[in-house]
Amino acid sequence: CGGWYALFTQDLVLGHGARRLHVSAAYRAKAQVSMSRFEPTSFINYEKLHSNVNIVRKRLNRPLTLSEKIVYGHLDDPHNQEIDRGRTYLRLRPDRVAMQDATAQMAMLQFISSGLPKVAVPSTIHCDHLIEAQIGGVKDLARAKEVNQEVYNFLSSAGAKYGVGFWKPGSGIIHQIILENYAYPGVMLIGTDSHTPNGGGLGSICIGVGGADAVDVMAGIPWELKCPKVIGVKLTGTLSGWTSPKDVILKVAGILTVKGGTGAIVEYHGPGVDSISCTVTVITLCLSKYNKSSCIAALSDEYSDLLVPDEGCEYDQIIELNLDELKPHINGPFTPDLAHPVSKVGAEAEKNGWPLEVKVGLIGSCTNSSYEDMGRAVSVAKQALDKGLKCKAQFTVTPGSEQIRATIERDGYSKILGDVGGVVLANACGPCIGQWDRRDIKKGDKNTIVTSFNRNFTARNDANPATHAFVTSPEIVTALAIAGTLNFNPETDYLTAPNGEKFKLQPPSADELPKRDFDPGQDTYQHPPADGTSLRVDVSPQSNRLQLLEPFDKWSGNDLEDLLVLIKVKGKCTTDHISAAGPWLKFRGHLDNISNNMLIGAVNSENDAINKIKNHLTGEYGGVPDVARHYKANGVSWVAVGDDNYGEGSSREHAALEPRHLGGRAIIVKSFARIHETNLKKQGLLPLTFANPSDYDKILPDDKISIRGLKTFAPGKPLTAVVKHSDGSEDTLELNHTFNETQIEWFKAGSALNRMKELQH
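Each value, and the rule that gives it
Counting starts from 1 at the beginning of each chain's written sequence and moves along it residue by residue. The model is predicted, so local features are restricted to residues of pLDDT at least 70 and side-chain atom pairs to those at 80 or more, both for listing and for counting; the totals for chains, interfaces and linings are taken over all residues. Only hydrogens and water are set aside; all other atoms, that is, all heavy atoms of the structure, feed into the side-chain values. Secondary structure elements follow DSSP: runs of H or I of four or more residues count as helices, runs of E of two or more count as strands, with numbering from the N terminus. Here the globule rule is a power law, 2.2 Å times the number of residues to the power 0.38, and the radius of gyration is based on C-alpha atoms. We call a residue buried when its accessible area falls under 20% of the maximum for its residue type, exposed when it is over 50%, and partly exposed in between, using a 1.4 Å probe and counting protein chains only. Note that accessible areas follow from Shrake-Rupley with a 1.4 Å probe, and for residues the cover is restricted to the protein chains shown. The charge count treats Lys and Arg as positive and Asp and Glu as negative. His and the chain ends do not count. A side-chain nitrogen of Lys or Arg and a carboxyl oxygen of Asp or Glu constitute a salt bridge if their distance falls within 4 Å. The contact criterion used throughout is that any non-hydrogen atoms of two residues lie within 4.5 Å. Here the rule is simple: two strands pair whenever DSSP picks up at least two bridges between them. Note on definitions: angles span 0 to 180 degrees between N-to-C directions of axes, and those axes are lines fitted to C-alpha atoms, for helices only across the stretch in contact. For the domain bounds, the source is a domain assignment made automatically or taken from a database. As used here, buried area is the combined drop in accessible area, with a 1.4 Å probe, of two parts when they are placed together. Polar contacts, as counted here, are pairs of nitrogen or oxygen atoms within 3.5 Å of one another; within protein the pair requires one atom able to donate a hydrogen and one able to accept it, and residues that are adjacent in sequence qualify only if both atoms are side-chain atoms. All residues other than Ala, Val, Leu, Ile, Met, Phe, Trp, Tyr, Cys, Pro, Asp, Glu, Lys and Arg, Gly among them, are scored as polar; the first ten of these are nonpolar and the last four charged. UniProt positions are given in the numbering used here, feature names are shortened, and annotations may be inferred rather than shown by experiment. To estimate how far a helix should extend, the number of its residues minus one is multiplied by 1.5 Å. The aromatic pairing rule takes the rings of Phe, Tyr and Trp, using the six-membered ring of Trp, and pairs them if the centres are within 6.5 Å, calling planes under 30 degrees apart stacked, those over 60 edge-to-face and the rest tilted. Residues grouped as a nonpolar core are buried Ala, Val, Leu, Ile, Met, Phe, Trp, Tyr and Cys residues, joined through side-chain atoms within 4.5 Å.

A. Broad picture of the overall build of the protein. Regarding its fold elements, the protein presents 22 helices and 34 strands. Its C-alpha atoms give the protein a radius of gyration of 25 Å, near enough to 27 Å, the size a compact globule of 761 residues would have. Its C-alpha atoms give the protein principal-axis dimensions of roughly 75 × 60 × 55 Å. A buried classification covers 62% of the 761 residues belonging to the protein. Counting every atom, the protein has about 27000 Å² of accessible surface; 48% of that belongs to carbon and sulfur.

Shown next, in the form of structure tokens:
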């Protein structure tokens, strides 16, 4: 059930007509059905979902989209909740929480700080981010277990004590595990990873959040989300040939851009959905195979009216795609919304000076490592092998889970991918998130890689800013790795066999699901005990990997005066720029240590340099974290200034925790990415936007900024920035915000966690 469901806030795929979910009436029953085989006493509550949807539909007096049904079906107070897409904040009750190990460290540290004895909803931890790709799956996993033993022990023991399921290292990537075990039509899940929306492929609403949001849900507190807009993508026609569901997402990414889906759910509908592999029929199959002891498929059929949009529902934006006309796409470099047909990317590369030679092809990732994905890559690889060809480029394969690894090994897929030149890596994120000990090039070498990963921001995969990374489907990656060049279109171009024979690759084909069912592989799940109250979770004060949290200071009650401009960021600034991954992942549980990477990837507008800013107390230049620490040590608070879509990318809340820890008070930008803006609020910072985006140009590196209006801070009421220039002149700017009343209480308390503690007393 693969697909780039994680490129935007949320993507849903459900079918109509012949491929709609249907289960024989003989299996229908309104008995209690477990949410998963791992939680036999936590039950699906479609009745409540159905009741809430009926209440809301009656109140709004209009048809609802599928996305609205699932979201509004999880309202804390459906009778009184104000609902206005894109404006009001909803208080929601998600069904479950999932956390990957890099973000789970801080999430669990915050949960420990809350003082609560046990999580209130089913929750899981997934060890997938800390395994570095070096040699191959077995050796890399063994090394990761040794290097990260302290962190794994902490997460395992914290999970056991507080009632959280623990998926051990080697179990697979969080989102594939969710698809296999926890996603089902109508569930609402939040995950501490921005690719959580992958679960939308099984008719779920799965939303990426920061760790503090996860703590709210685990604490049983209603979770807030700005009422999402709904973008409808109407599909007509039929996929065929080399075109795959991935190309739908790549095309939509090019249309919407990386910020076009902010605050929105992307809902796919129309007759063309029937040709997409991850439709409701597949949902039925997946459920029957992944949830062998459950009757989720039968139960969801009982409430099938909940799992399709109402006739006549309206979307905030409509995109129409004719699948008959859609061609294979490849997006990049340096951003996942620069879309090209595969047939044209070679010419674009030549025109723009992008390296044509493909150095490495990498297939896998949380969203493109299903059995069918691997099968389509195998279909291409086998054709090359039959003609005596192997990959010209290096080739790596990342299975999405232990179940996928074991099944493709049993069915011979791994051998074929190995024979064509592939190296099977561990069941983990690996190069997709920068966990790649790449040695075939030096840093600064200009080169091209082609991946089926989710993102291709500068230096994301291998820490080399000169690597031109392109994203495309696994089968196109495989074809380009065999050809060794971007200037190859498998639809029309020929390869040459060792004997001189010219041949064309035929469009790939593969089974959506294995004929012999899945091989579960090794058992990698740790159930939490029924009662963990007697267990201990130890964090050594001498550890450089883990650090217990200290509460942030409360708001003083006064306006913020004469804040220094730490850095004015120029251009794209993702969470990778703000808090780099790769080698820094080992410090995700230690706030002070990981703060040494704060904004080290951002471009300073003053000098176009990276990690080189002026210390306005000493007059000397230094690294961003060093200058921030110096300001903090001298009792000087600061602001950072940024451009459009600031904080796009990963959900990592460290990009908000670090500025707060090092003395930041506000981040002022042209616009924010959704998750990062919320994360900043959660940690007691002020995420503010220029009412007039051109006011960005008025900020100078040596300015002092006062933020006024905080004593009357209120929803919808702008704040004021008084900007004092070094020549004695001043500018007064209007700053907008999206705080609601609850979020203003977070600011006043110093953080959302501080506010939670206040409410306990």
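B. Expanded view of the side chain of Asp128. Tracing the chain through its elements places Asp128 in the loop between strand E6 (123-126) and helix H4 (137-147). For the buried Asp128, which has no salt bridge, the nearest side chain bearing the opposite charge is Arg588, at an N-O separation of 8.9 Å. When neighbours within four sequence positions are excluded, Asp128 is seen to be in contact with Gln100, Asp101, Gly172, Ile173, Ile174, Ala428 and Cys429.

C. Layout of the sheet that holds strand E31 (residues 686-690). Taken in spatial order, the seven strands close into a barrel running E24-E29-E30-E31-E34-E33-E32, and their pairing is mixed. Each neighbouring strand pair of the sheet contributes to a mean axis angle of 35°, computed without reference to strand direction. Pairing of strand E24 (residues 560-568) with strand E32 (residues 704-708), which is carried by three bridges, proceeds in the antiparallel orientation. Note on E32: the bridge partner recorded for Leu563 is Ile705.

D. Molecular detail of the domain arrangement of the protein. The domain architecture assigned to the protein consists of domain 1 (70-324), domain 2 (328-502) and domain 3 (560-760). Roughly 640 Å² of surface becomes buried between domain 2 and domain 3 when both sides are summed, with 54% attributable to carbon and sulfur atoms. Our count for the contact surface shared by domain 2 and domain 3 stands at one salt bridge. Between the two partners, domain 2 and domain 3, sit two residue pairs in polar contact (both at pLDDT 80 or more). Considered class by class, the residues forming the side of domain 2 that touches domain 3 number three nonpolar, three polar and two charged.

E. Broad picture of the UniProt feature "domain: Aconitase A/isopropylmalate dehydratase small subunit swivel" (unreviewed entry) in the protein. Listed under "domain: Aconitase A/isopropylmalate dehydratase small subunit swivel" (unreviewed entry) in the UniProt record, and renumbered for this structure, are residues 565-692. Helix and strand shares over residues 565-692 are 27% and 21% respectively, and the end C-alpha atoms of the span are 19 Å apart.

F. Representation of helix H1 (residues 46-60) within the structure. Between its first and last C-alpha atoms H1 spans 21 Å; for 15 residues at 1.5 Å apiece the expected length is 21 Å, and the two agree. All buried positions along H1 are accounted for by Tyr46, Leu49, Asn52, Val53, Ile55 and Val56. Next to the buried residues of H1 lie helix H2 (66-72) and helix H10 (296-302). Positive phi appears at Asn61, one or two residues downstream of H1, with a value of about 55°.

G. Examining the pattern of salt bridges more closely. All told, the structure shown has 45 salt bridges when counted by the stated rule. The partner of Arg405 in a salt bridge is Glu402, with the nearest N and O atoms 2.7 Å apart. Highlighted residues: Arg405 and Glu402, both in helix H13 (residues 402-410), separated by three residues, approximately one helical turn. Among the residues examined, Glu402 registers a relative accessible area of 5% and is labelled buried.

H. Broad picture of the sheet that holds strand E23 (residues 525-526). Read across the open sheet, the six strands follow the order E9-E8-E5-E6-E7-E23; overall the sheet is mixed. The outermost strands of the open sheet, each flanked by one partner alone, are strand E9 (205-208) and E23. Direction of pairing for strand E5 (residues 96-100) relative to strand E8 (residues 188-191): parallel, over a ladder of three bridges. Note on E8: the bridge partner recorded for Ala98 is Gly191. Along the sheet, helix H6 (residues 174-181) makes contact with E5, E6, strand E7 (165-167) and E8, crossing E5 at roughly 150°.

I. The arrangement of the packing of aromatic side chains in detail. For the coordinates displayed, the defined rule picks out 16 aromatic pairs. Their ring planes at 50° and their centres at 4.9 Å tell us that Trp167 and Tyr525 sit as a pair that is tilted. Of this pair, Trp167 sits in strand E7 while Tyr525 sits in strand E23; the two residues are 358 residues apart in sequence, bridging distant segments of the chain. Given the relative accessible area of 6%, Trp167 is considered buried. The exposure class assigned to Tyr525 is buried, which follows from its relative accessible area of 8%. Ring centres of Tyr646 and Phe672 lie 6.1 Å apart, and the angle between their planes is 90°; this geometry places the pair in the edge-to-face category.

J. Up close: unusual backbone geometry. Note that the residue after Gly332, namely Pro333, is joined by a cis bond; omega there is 0°. As for its placement among the helices and strands, Pro333 is situated in the loop between strand E14 (329-331) and strand E15 (339-341). The phi dihedral of Asn645 falls on the positive side, at around 50°, and the residue is not glycine. Along the chain, Asn645 falls in the loop between strand E29 (638-641) and helix H19 (654-661). Taking relative accessible area as the criterion, Asn645 reaches 4% and is therefore assigned buried.

K. Inspection of the nonpolar core at higher detail. If you look at the biggest cluster of nonpolar residues, it comprises 89 residues, and the most contacted ones within it are Tyr72, Met99, Met108 and Met218. The dominant element in this core, judged by the number of residues it contributes, is helix H3 (residues 101-114), at seven residues. Ignoring sequence-local partners within four residues, the contact set of Met108 consists of Met99, Ile125, Phe154, Ala158, Tyr162, Val164 and Met218. Counting residues in each nonpolar core, the second largest holds 43 residues, with Leu389, Leu417, Leu486 and Phe503 among its members.

L. View of helix H7 (residues 211-218). Taking burial as the measure, the eight residues of H7 include eight buried ones, the bulk of the element. The set of residues buried in H7 consists of Gly211, Ala212, Asp213, Ala214, Val215, Asp216, Val217 and Met218. Positioned one or two residues after H7, Gly220 has a phi angle of 80°, which is positive.

M. Structural detail: the environment of Leu733. Structurally, the position occupied by Leu733 is in strand E34 (residues 730-736). Between the C-alpha atoms of Leu733 and Ile265, which are 468 residues apart in sequence, the distance is 33 Å. Ignoring anything within four residues of it in the chain, the contact list for Leu733 reads Phe690, Asp695, Lys698, Ile699, Leu719, Thr720, Ala721 and Val723.

N. Looking closely at the side chain of Arg652. For Arg652, the position within the fold is in the loop between E29 and H19. Its relative accessible area of 4% is what places Arg652 among the buried residues. A polar atom in the side chain of Arg652 sits 3.1 Å from the side chain of Ser650.

O. The arrangement of the environment of Val233 in detail. The topology assignment puts Val233 in strand E11 (residues 229-236). Excluding anything up to four places from it in sequence, Val233 contacts Val252, Val266, Glu267, Tyr268, His269, Ile319 and Leu321.

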